[in-house]
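# What the coordinates show
So the chains spell out like this:
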Amino acid sequence: QVQLVESGGGLVQAGGSLRLSCAAFGRTFSSSTMGWFRQAPGKEREFVAAISWSGGTYYSDSVKGRFTISRDNAKNTMYLQMNSLKPEDTAVYYCAGGFTGWGTPRPDGADFGSWGQGTQVTVSS
């Protein structure tokens, strides 16, 4: 099982940028799809982006063109660069690992077995 620790959240004005990091502790990081999800108050968890072991990327329509997911397998770290942030991006962002699926990850996160503790992102208008 992989352990995940997020960092980089905070408060930013609309139009600003933040970079989230997810440090993974486990021997399967470099060979596994990783993902970012978010959950706003009163809403269900939402898929944001995912990246395969070979660098293939997937994005939700709501963040496509604004967010960029990347990974550094040598550092066991995944990143989410968030630009042009909007108030509706406000949520707790979770890193997901331990992928048990195949190909494109499920948007409900059901094929990820490990989750970080989350990091708060707040975008003010």
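In case you missed it, the structure is sitting above this.
Residues numbered from 1 in each chain as written. Predicted model: local features only at pLDDT ≥ 70, side-chain atom pairs only at ≥ 80, totals over all residues. Heavy atoms only, no water.

### Notes on the state of the cysteines
This is how the line gets drawn: When two cysteine sulfur atoms lie within 2.5 Å, the pair is treated as a disulfide. Starting at the N terminus, helices and strands are each numbered in turn, a helix being any DSSP run of H or I of at least four residues and a strand any DSSP run of E of at least two.
Using the criterion set out here, one finds one disulfide in the structure. Covalently, Cys22 is tied to Cys95 through a disulfide, its sulfur atoms 1.9 Å apart. For the disulfide bridge between Cys22 and Cys95, the dihedral angle about the S-S bond is near -65°, and by the sign convention the bridge is left-handed. A residue pair is termed long-range when its members are at least 10 positions apart, and Cys22 in strand 3 (residues 18-25) and Cys95 in strand 9 (residues 91-99) qualify at 73 residues.

### Some thoughts on the packing of aromatic side chains
Our working definition: Two aromatic rings, drawn from Phe, Tyr or Trp (for Trp, its six-membered ring), form a pair once their centres lie within 6.5 Å of each other, and the interplanar angle then sorts them: stacked below 30 degrees, edge-to-face above 60, tilted otherwise. Each residue gets one of three labels from its accessible area relative to the maximum for its type: buried under 20%, exposed over 50%, partly exposed in between, using a 1.4 Å probe on protein chains only.
For the structure shown, the criterion picks out five aromatic pairs. With a centroid separation of 5.1 Å and 65° between ring planes, the pair formed by Phe37 and Trp115 is classed as edge-to-face. Of this pair, Phe37 sits in strand 4 (residues 34-39) while Trp115 sits in strand 10 (residues 112-115); the two residues are 78 residues apart in sequence, bridging distant segments of the chain. Here Phe37 falls in the buried class, since its relative accessible area comes to 0%.

### Things to note about the sheet that holds strand 3
Where we set the bar: Being paired, for any two strands, means DSSP has found at least two bridges between them. Working convention: axes come from line fits to C-alpha atoms, limited for helices to the stretch in contact. Angles between N-to-C directions cover 0 to 180 degrees.
Spatially, 1-3-8-7 is the arrangement adopted by the four strands of the open sheet, whose pairing is antiparallel. Of all the strands in the sheet, the pair left with one neighbour each is strand 1 (3-7) and strand 7 (67-72). Taken over all neighbouring pairs, the strand axes of this sheet differ in orientation by 15° on average, direction set aside. As paired strands, strand 7 and strand 8 (residues 77-82) are joined by six bridges and run antiparallel to one another. Looking at the pairing, Phe67 lines up with Met82 of strand 8.

### Remarks on the nonpolar core
Side chains of a nonpolar character, in soluble globular proteins, are inclined to be buried together. Stated precisely, the cut-off is as follows: By nonpolar core is meant a set of buried Ala, Val, Leu, Ile, Met, Phe, Trp, Tyr and Cys residues that side-chain atoms within 4.5 Å join together.
The biggest cluster of nonpolar side chains holds 25 residues, and the ones touching the most others in it are Trp36, Val48, Phe67, Met78, Leu80, Met82 and Tyr93. Elements supplying a minimum of two residues to this core: strand 3, strand 4, strand 5 (46-51), strand 7, strand 8, strand 9 and strand 11 (119-124). Broken down by element, this core gets its largest block of residues, four residues, from strand 3. Core analysis: the next-biggest nonpolar cluster, separate from the first, contains six residues, Phe47, Ala50, Ala96 and Phe112 among them.

### A word on the pattern of salt bridges
The line we're drawing: Basic side-chain nitrogens of Lys or Arg form a salt bridge, by our definition, when they fall within 4 Å of a carboxyl oxygen of Asp or Glu.
Summed over the entire model, instances satisfying the criterion amount to five salt bridges. A salt bridge links Asp89 to Arg38, with the nearest nitrogen and oxygen atoms 2.9 Å apart. Of this pair, Asp89 sits in the loop between strand 8 and strand 9 while Arg38 is found in strand 4, placing the two residues 51 residues apart along the sequence. On the basis of relative accessibility, which here comes to 5%, the residue Arg38 falls in the buried class. With a closest N to O distance of 2.6 Å, Asp108 and Arg106 form a salt bridge. Here Asp108 falls in the partly exposed class, since its relative accessible area comes to 36%. Judged by its relative accessible area of 44%, Arg106 falls in the partly exposed class.

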